[in-house]
Amino acid sequence: MQGWEFWCVAVLVALIVGFSKGGWSAIGNLSVPLLSLTVDPLTAAGLLLPVYLISDGFGLWAYRHSYDRRVLAIMVPAGLLGIAVGWAIIPWVNANISGGDRIITGLVGTIGIIFAIYMLTGRGSAGPVRKPKVLPGLFWGSLAGFTSYISHAGAPPYQTFVQPLRLDRLSYAGTTTILFAIINLAKLGPYWMTGQVNLGSLETAAYLLVPAVVGVYVGKRTVGMVSEATFYKVITWALLIVGFELLGKALLGVDPILGFIQTVIGL
């Protein structure tokens, strides 16, 4: 994690994390997939967790009075269960199955692809207004905790459950912020025990806190400058491309775009 390529991508990703906490939440889905282009996904997730935790503090203060109690009551325990499942399964897969790192890389890419397609098809806003039922909430909340554990990508299953509820904008933002602040804090212990967070990664993460805070400020200042529809569409297409990039890397064993560039230069 010392090459210039890593630091260029890491600073960009830290800005993205801060930007997502400043109001553009969808862009946060790019963080682990982008950083996974330079380090393995588990290392990327562990490195970014402290950055997320610091950024969460800003969001908790901003939305401390705006949230949906019932949604949180359903999804918080479900999310914690999903973290426990991820803690039990993912390190075992990485350590005991040949090519486990490629499996996890492919899983992260697949999550990104599914979420991007889900959002691009407009299914998140289709259908009648629903009520927050317990069983669907437990299922999607557990899945959100699991995907958040492996790649800080809990948004796809979370939005699958919450978006049809049509919460008002402040309640939606506050509920999202509080839920994932709790989930991120709960991941700290398992990440430390599995070695994803250690003194070395904390030192590296410390350098990324400054661009993250800058990202929060810029996000708040720019949130009204372009339409949400346009911004989310651009970010969703970017996530789709990165997702296919990671899936290709998992299947082929090499970075497809980098390999293509090297082939062209070689010609």
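The coordinates are above.
Just so we're clear, the structure is a prediction, and the values are computed from it rather than from any experiment.

K.L.:
I'd love a proper account of the overall build of the protein chain, names of residues and values included.
P.N.:
Check the secondary structure of the protein chain and you find 11 helices and zero strands. When the elements of the protein chain are put in sequence order from the N terminus, they spell out α-α-α-α-α-α-α-α-α-α-α. Residues counted as buried form 48% of the 267 residues belonging to the protein chain. For the protein chain, contacts bridging at least 24 residues in sequence account for 82% of all contacts bridging at least 6. Accessible area of the protein chain: about 13100 Å², with a carbon and sulfur share of 70%.

K.L.:
If you had to explain the environment of A73 to someone new, which residues and values would you point to?
P.N.:
Structurally, A73 is set in helix α4 (residues 69–96). On the accessibility criterion, A73 (57% relative accessible area) is exposed. Spatially, the C-alpha atom of A73 lies 9.7 Å from that of L179, the residues being 106 residues apart in sequence.

K.L.:
Quick rundown of helix α7 (residues 155–162)? Include the residues and the values.
P.N.:
Of all eight residues that make up α7, eight are buried, and the element is covered over most of its length. Residues of α7 that are buried include every one of A155, P156, P157, Y158, Q159, T160, F161 and V162, and no others.

K.L.:
Hey, could you go over the side chain of T147 for me, with residue numbers and the actual values?
P.N.:
Looking at where T147 falls in the secondary structure, it is placed in helix α6 (residues 134–151). Accessibility expressed as a relative area gives 7% for T147, which makes it buried. Setting aside its immediate chain neighbours within four residues, T147 contacts I111, H152, A153, G154 and P157.

K.L.:
Explain the layout of surface pockets residue by residue, including any values.
P.N.:
Approximately 240 Å³ is the volume found for the second largest pocket. Residue lining of the second largest pocket: 13 residues in total, with I111, I114, L143, P156 and P157 positioned closest to the centre. Where the lining of the second largest pocket is concerned, the elements lending two or more residues are α5 (100–120), α6 and α7. Residues that form the lining of the second largest pocket fall into these classes: 11 nonpolar, two polar and no charged.

K.L.:
Requested: an account of the packing of aromatic side chains, with residues and values cited.
P.N.:
Enumeration according to the criterion identifies five aromatic pairs in this entry. Taken together, a centroid distance of 5.2 Å and an interplanar angle of 75° make the contact between F6 and W7 edge-to-face. The exposure class of W7 is partly exposed, given its relative accessible area of 23%. With centroids separated by 4.9 Å and ring planes inclined at 75°, the aromatic side chains of F139 and W140 adopt a geometry described as edge-to-face. Through successive ring pairs, a cluster of aromatic residues spans F6, W7 and Y207. A cation over an aromatic ring shows up here: R64 above the ring of W61, its NZ or CZ 3.7 Å from the ring centre.

K.L.:
Just give me the short version of a nonpolar patch on the surface, but keep the residues and values in it.
P.N.:
Where nonpolar side chains cluster on the molecular surface, the patch consists of V11, L15, V210, V214, Y217 and V218 and spans about 490 Å² of accessible area. Secondary structure elements with two or more residues in the nonpolar patch: α1 (4–21) and α9 (199–222). Counting residues per element, the nonpolar patch draws most heavily on α9, at four residues. With respect to the element layout, V218 can be found in helix α9. On the basis of relative accessibility, which here comes to 33%, the residue V218 falls in the partly exposed class.

K.L.:
Please give an account of the packing of α1 against helix α3 (residues 41–62) that cites residues and values.
P.N.:
Remark: α1 packs on α3, axes separated minimally by 9 Å, with the N-to-C direction vectors making an angle of 30°. When the interaxial angle is binned, α1 and α3 end up roughly parallel. Where α1 crosses over α3, the two elements pack in a sense that is right-handed. Across the interface between the two elements, F6, V13, V17, G18 and K21 of α1 pack against L47, L48, V51, Y52, S55 and D56 of α3.

Each value, and the rule that gives it
- Residues numbered from 1 in each chain as written.
- Predicted model: local features only at pLDDT ≥ 70, side-chain atom pairs only at ≥ 80, totals over all residues.
- Heavy atoms only, no water.
- Helix = DSSP H or I, 4+ residues; strand = E, 2+ residues; numbered from the N terminus.
- Buried < 20%, exposed > 50% of the residue type's maximum accessible area, 1.4 Å probe, protein only.
- Contact = heavy atoms within 4.5 Å.
- Areas by Shrake-Rupley, 256 points an atom, 1.4 Å probe, with all protein chains shown as cover.
- 1 Å grid on protein atoms, 1.4 Å probe; cavity = no way out; pocket = protein on both sides within 12 Å on 5 of 7 lines; lining within 4 Å.
- Points joined across faces, edges and corners; volume = space filled by probe spheres on them.
- Nonpolar A, V, L, I, M, F, W, Y, C, P; charged D, E, K, R; others polar.
- Phe/Tyr/Trp six-rings, centres within 6.5 Å; stacked < 30°, edge-to-face > 60°.
- Lys NZ or Arg CZ within 6 Å of the ring centre and 35° of its normal.
- Patch = residues over 30% accessible without salt bridge, like charges linked within 9 Å, V, L, I, M, F, W, Y side chains within 5 Å.
- Salt bridge = Lys/Arg side-chain N within 4 Å of Asp/Glu carboxyl O.
- Axes fitted to C-alpha atoms, helices over the stretch in contact; angles between N-to-C directions.
- Parallel < 35°, antiparallel > 145°, perpendicular 65-115°, else oblique.
- Left-handed = near helix turned anticlockwise from the far one by under 90°.

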